[in-house]
Each structure stands twice: as structure tokens, then as C-alpha cells.
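A structural walkthrough
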Amino acid sequence: MSITTTTTSTSPQLGETRMLVDGKLVESRSGRSFDNINPATEEVLGSTTDADSGDMDRAIAAARRAFDETSWSTDHAFRRRCLEQLHHALDAEREELRAELIAEAGCPSIATFGPQLDWPLDDALRWPAELISTFPWERTLPDTELFGMTSHRVVWKEAVGVVGAICPWNYPVEVVIGKVGQILATGNTAVVKPAPDTPWNATRLGRLIAEHTDIPPGVINIVTSSDHALGEQLVLDPRVDMISFTGSTATGRRIAEKAAATMKRTFLELGGKSAMIVLDDADLAATVPGASFMCMHAGQGCAMQTRLLVPRHRYDEAVELVTAAFAAVSYGDPADPANLAGPLINAKQRERVLGYIEKGVQEGARLTTGGGVPAHLERGFFVEPTVFADVDNTMTVAREEIFGPVLVVIPFEDDADAVRIANDNDYGLSGGVFSADRGRALSVTRRLRVGSAMVNGGLFYGADSPYGGYKASGVGRQNGLEGFEQHLQTKAVGLADDVDD
Ligand code: NAD
């Protein structure tokens, strides 16, 4: 096992403590703040202002006013310019964002060069901003002759209104700017509520909006709080038209129920238990060790392929290969670019992951590597990269999202059995298929009930690529044309022939 010692991970600049409400960087009215903890060292990095329901109320009122009383929702050229300003402002602070992510999320530096930072920073705002200029905001239908009258018909696409964006801690920059890009490009206004564990990326965004863009006051508000109830306040408030949520399925389910009272549109990106299927014609030695990629960011990714499905007649060989790969995973100080994994986000999450490991052992699964807290890392919320063999797809560790560096290895009989096992789960977020035969891999992929798939390691990622889940993994899509359209209402208009236009 290759290990690096955790020291003080980074020396980030003190994060922005203030939130953005109605165009102003403000402290909470109560004056209270909450600590931002470095999960790799357990040290307090600093504090963030702690909003209460009164602060949230002001933010919702500001977003409502900006939507109802300004031309934000209809001025396409202005919106595009504002998003481009924000893109450039973020880009200019790329390295500060990187240091902050590593410090507050415990995200390994290597991941910041990909989906945690650099990839979304490049196109999460730019792509929807450009789409503003080419999107068909209006389309014409053939005239009708009804009631003896000619009617011209058009369909308009309009912003939904005020969007409450509720975000998780695991990919904070990626999720926040992915949401903000699409919400603003489509002409909505927003109240963003970041996760309490990772507020600084969002408060930095708020400062950049206030200081470097022409985005009008109230169009976007960023409300930080240690209290999850402020998320629910957004869901319940009738002035909010839509909730864009990324987080756990349990919270997503509750949001869907609560949002029904005001008939809000909900877009829910939730958890996963994705399968990596290695078909029997694949080169096991070349593919199976890649399953250890799920340890990236200590397994705290919704699309991580946490179930490895291998042919039964090659099961022992696969377990040996993947065990060796997990034992070689380099983890520790997230600031060290050699490390694939840092810590879990907090002590509670570490207890949760250890509880799942204990459950796996109790249910009869066999630990082949890992399974505990690393003895050599005295501080930080670390868990060893862990592999379970002899796993049946009915076991808790095979069914539930663990959100830690824990892989289960499950045998299958043939392609149909692999598809059956992969689909035999409440979740349906993502998956992967490996085969020497591309057609066979694609045929298996078509039968997977998932929102995204990697075939022979291919990447689907991009701001232009719709991302989301089937079944308990959510409703709707982030990104892509599908995500963009989800932030729009549709108005069908009939125009009588005798009216001047
Ligand atoms: P979480 O559901 O606990 O919290 C997410 C956000 O919801 C936080 O901002 C939290 O304050 C808020 N919240 C909590 N209770 C709420 C309520 N009753 N009403 C409204 N808001 C509430 O999730 P988490 O632990 O922060 O994130 C990890 C989860 O997110 C994992 O399950 C992971 O799979 C999922 N996730 C999914 C995707 C995806 O794209 N599908 C992406 C990232 C993370």
C-alpha cells in the first residue's frame, strides 16, 4: 500500500465568510457563524455566516422581485454577457478554488484537474451561455381554421421563475456552477443553498458575482447555513417555482413529497449503486484493476461503480486482481497529487461507512483488503480502500449506497445474468461495460436501466451531456439540452388573423 502522511493539507486563503443576498455580500442577521472543518486534518479552516429562516426569506423575496420586476428573464444578450463575465471571473481564481476544494471537501488534488474543477470550470457556464444564442425560444405551428377563424400559432419557451438550488458537499463546485449556468441561461432567478460542509466555494462565487459581473441584485442569492431546514424552507415557499436538488435519495424523496403542496417542478439528482460489468471475453488483467478508480475522492461520488460484476468461472482471478489494485491505492493528504483518495467529509460519514462494512461482515461477505480506519493516519476522517468478495446481490452492501471507498464483487453466469444483477437495484444512475466485442458491450449497455454508461472506459462527461438517473437515482437531467429545457416553461399562443402583429 502506498501512503502519504497527512499534514496540514493546504494553506488556502481565508474563505469568503459572507453570503450574497439581493446583490449584497452580507452576514446573517443573527451575526452567528459556523465552522468550516478540514476533513483531512480536523482543523477549523475558518467560519461562514450562518443564515436563519429570516435571511432565507429575504433571499427568496429578492429572487422573486428580480424575476417579476426586471427584464432578466427576457433579455437574452444581457444574460449571455453576464454568464461570460462570471465564467472569466471564476477562471481568474481557478487556483484559489482548487486549494479551497482540497481543504474544505478533502477532495484529492488529482480530481480537481478533472470533474471536480477544471472540466466544469471550462464549460458549465460557457456552454449554456452560448446556447442562449442558438436555442429555439419560439417555434411556429401551422395555422388552424377553427370556429370559422384563422389562428396563427406559436410556442414560446419561458423561464420557470425562481429556482431553489440545493447542493451537496461531494462535488461542490461542479454541482453549484452546473446548476447556476443552466438556471441563469434560461432566464430564471435563483436562491442557492450550498451544503454546510462546503460553503466557501459557493460564497466565493457570490463574491465574484457581486464584484465582477453585471448580474442584477436578487437574480442570484447564495444563502449559507448550518441548518438543513433552510433547504426545506425553499421547498415549501410558494414564491419558489422549482427545486433543483442534488443529494441523497432520502432527502430527494422528502423534497418530492413536500414540493407537491405548491406543485413545484422538481429536478432531483440522487444517489447510485452503479455496476461495472466485465464480460467474459474482456481482458481481466487490463480491466479489473480499473475498478479501484471508485476510490477517487474516497468513493464519495454518486456515479462511482461500486459493484464489480465478473464471470463466475473467473471470479477468483478477478478478486485477486482487484484486491491487489485496492491495496495499492494511494491515499492520504488530498493536497498530494499522488493520492487518489483523501478523507471522508466528516466523522458522521466515516461512522456510516464503517457501519456498512460491519454489516457486510455480519451478512457473510468476505473482506479481502481494507475494512477499517488506517492506523498510520492519526487525524482526518479516513477509511481504508475496502473490497468485499463472496457478495450476493441481496446483501446490504450490494444494495445500498455506502458513499465510501467500498467495492463489492459479485459473480454472474452470462450476459443476461449480468444485466439482471446490474438492474436488480433501486438505483439506476450509471454503469460500465467492458468487452472485447464492441457490439456485445453495446447490447448489454442498452439493457441497463441507467442514465449514463461508460463502454470500455469511454467518458460521457460534459456540459452538453445530459446527466441524471433512472428509478431512485432521480428525476430529470442536469446539463445538456434536456437539462436546459427542464428549466423552461412552455406557452402555446394562438393569434387571431385580424390582429396586427
Ligand atoms: P444530503 O441529501 O444529505 O444533502 C444535500 C443538500 O440537501 C444539503 O445542502 C442539505 O443541507 C440539504 N437538505 C438536507 N435536508 C433537506 C431537506 N429536508 N429539505 C431540503 N434540503 C435538505 O446529501 P449529501 O450527503 O450532502 O450528498 C451526498 C449524496 O448526494 C449522495 O447520496 C450522492 O449520491 C448524492 N449525489 C448525487 C449526485 C447526482 O448527480 N445524482 C451528485 C452528487 C451527489
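Residues numbered from 1 in each chain as written. Predicted model: local features only at pLDDT ≥ 70, side-chain atom pairs only at ≥ 80, totals over all residues. Heavy atoms only, no water.

As recorded in an unreviewed UniProt entry, the protein goes by Aldehyde dehydrogenase (NAD+) and comes from Pseudonocardia parietis. Under the UniProt heading Sequence similarities (unreviewed entry), the entry covering the protein gives this text: "Belongs to the aldehyde dehydrogenase family." (UniProt positions renumbered as here; feature names shortened; annotations may be inferred.)

1. Observations regarding the overall build of the protein
Each helix and strand counted, the protein has 17 helices and 22 strands in total. Rg of the C-alpha trace for the protein: 24 Å, near the compact-globule value of 23 Å for 501 residues, within the 12% margin. With the C-alpha coordinates of the protein rotated into their principal frame, the extents come out at 80 × 60 × 40 Å. When burial is assessed residue by residue, the protein has 58% of its 501 residues classed as buried. Here the contacts in the protein between residues at least 6 apart in sequence split such that 73% fall between residues at least 24 apart. Counting every atom, the protein has about 19500 Å² of accessible surface; 51% of that belongs to carbon and sulfur. (Helix = DSSP H or I, 4+ residues; strand = E, 2+ residues; numbered from the N terminus. Rg over C-alpha atoms; globule rule 2.2 N^0.38 Å. Buried < 20%, exposed > 50% of the residue type's maximum accessible area, 1.4 Å probe, protein only. Contact = heavy atoms within 4.5 Å. Areas by Shrake-Rupley, 256 points an atom, 1.4 Å probe, with all protein chains shown as cover.)

2. A word on the sheet that holds strand β14 (residues 366-369)
Reading across the sheet, the 7 strands line up as β14-β15-β16-β13-β12-β18-β19 and stay open at both edges, with mixed pairing between neighbours. Unpaired on one side and paired on the other, β14 and β19 (454-455) mark the two borders of the sheet. Sheet topology places strand β15 (residues 386-389) next to strand β16 (residues 406-412); 3 bridges connect them, and they run parallel. Considered in β16, the bridge of Val387 is made with Leu407. Those strands touched by helix α12 (residues 315-327) are β13 (305-311), β14, β15 and β16, and its axis lies near 165 degrees from that of β16. (Pairing = 2+ DSSP bridges. Axes fitted to C-alpha atoms, helices over the stretch in contact; angles between N-to-C directions.)

3. Some details on empty space enclosed by the protein
A full pass over the atoms with the stated rule returns 3 cavities of 30 Å³ or more. Here the largest cavity defines a volume of roughly 90 Å³. If you list the elements that add at least two residues to the lining of the largest cavity, you get β12 (274-278), α15 (415-423) and β17 (427-428). At 3 residues, the largest contribution of residues to the lining of the largest cavity is made by β12. In terms of residue class, the lining of the largest cavity is built from 7 nonpolar, 5 polar and 3 charged. (1 Å grid on protein atoms, 1.4 Å probe; cavity = no way out; pocket = protein on both sides within 12 Å on 5 of 7 lines; lining within 4 Å. Points joined across faces, edges and corners; volume = space filled by probe spheres on them. Nonpolar A, V, L, I, M, F, W, Y, C, P; charged D, E, K, R; others polar.)

4. Examining the state of the cysteines
Enumeration according to the criterion identifies 0 disulfides in this entry. Lacking any disulfide linkage, Cys295 is separated from the closest cysteine sulfur, that of Cys107, by 15 Å. (Disulfide = S-S within 2.5 Å.)

5. What about the sheet that holds strand β22 (residues 488-496)?
Pairing is antiparallel in the open sheet, where 3 strands are placed in the order β5-β6-β22. At either margin of the open sheet sits one strand with a lone partner, and together these are β5 (138-146) and β22. Mean inter-strand twist for the sheet, computed between neighbouring axes without regard to direction, equals 25 degrees. Sheet topology note: the strand β6 (residues 149-159)/β22 ladder contains 9 bridges and is antiparallel. When the sheet's bridge partners are listed, Glu158 is paired in β22 with Gln489.

6. Digging into the environment of Asp22
Inspection of the secondary structure puts Asp22 in the loop between β1 (19-21) and β2 (24-26). Remark: the alpha-carbon pair of Asp22 and Asn221, spanning 199 residues in sequence, is separated by 6.4 Å. Sequence-distant contacts of Asp22, that is, excluding residues within four places in its chain, are made with Ala62, Arg65, Pro217, Gly218 and Asn221. Separated by 2.8 Å, the side chains of Asp22 and Arg65 make a polar contact. (Polar contact = N/O pair within 3.5 Å; in protein donor to acceptor, adjacent residues only side chain to side chain.)

7. Digging into a negative patch on the surface
There is a patch of like negative charges on the surface, built from Asp143, Glu145, Asp497 and Asp498. Looking at the element boundaries, Glu145 is found in strand β5. (Patch = residues over 30% accessible without salt bridge, like charges linked within 9 Å, V, L, I, M, F, W, Y side chains within 5 Å. Salt bridge = Lys/Arg side-chain N within 4 Å of Asp/Glu carboxyl O. Lys, Arg positive; Asp, Glu negative; His and termini not counted. Charge placed at Lys NZ, Arg CZ, Asp CG, Glu CD.)

8. Description of the confidence of the model for the protein
The pLDDT averaged across the protein works out to 96; a share of 97% of its residues lies at or above 70. Within the protein, strand β7 (residues 162-166) carries the highest mean pLDDT (99), whereas strand β4 (residues 44-49) carries the lowest (96). In this model, residues 1-13 is a region of pLDDT below 50 whose contacts with residues beyond four sequence positions or in other chains number 45 contacts. (pLDDT = per-residue confidence, 0-100.)

9. Topic: the layout of surface pockets
Its boundaries defined by the atoms lining it, the second largest pocket holds a volume of some 190 Å³. Taken together, Phe67, Ser73, Thr74, His76, Trp137, Glu138, Trp156, Lys157, Glu158, Ala159 and Thr186 make up the full set of residues lining the second largest pocket.

10. What about the environment of Thr394?
As for its placement among the helices and strands, Thr394 is situated in the loop between β15 and α14 (396-399). Thr394 sits 31 residues away from Glu363 along the chain, and the two C-alpha atoms are 9.9 Å apart. A polar contact is formed between the side chain of Thr394 and the side chain of Asp392, at a distance of 2.5 Å.

11. Here we look at the packing of helix α3 (residues 94-105) against helix α8 (residues 200-212)
The N-to-C vectors of α3 and α8 enclose an angle of 155 degrees; their axes lie 9 Å apart at closest approach. Regarding the angle of α3 to α8, the classification is roughly antiparallel. The residues of α8 that touch α3, namely those facing Glu96, Leu97, Glu100, Leu101 and Glu104, are Trp200, Asn201 and Arg204. Taken together, the residues of the contact of α3 with α8 sort by class into 3 nonpolar, 1 polar and 4 charged. (Parallel < 35°, antiparallel > 145°, perpendicular 65-115°, else oblique.)

12. Some points on the site of the ligand
The immediate surroundings of the ligand are formed by 27 residues, with Cys167, His228, Glu269, Leu270 and Glu401 found nearest. Taking Trp169, its side chain carries an N or O atom lying 3.0 Å from an oxygen atom of the ligand. His228 places a polar side-chain atom, nitrogen or oxygen, 2.6 Å from an oxygen atom of the ligand. Isolated, the ligand exposes 840 Å² of accessible area, and the fraction of that covered by the protein chains is 90%. Breaking the shell around the ligand down by element, the ones donating at least two residues are α9 (229-236), β10 (242-246) and α10 (249-259). Sorting elements by how many residues they give to the shell around the ligand places α10 first, with 3 residues. (Near = heavy atom within 4 Å.)

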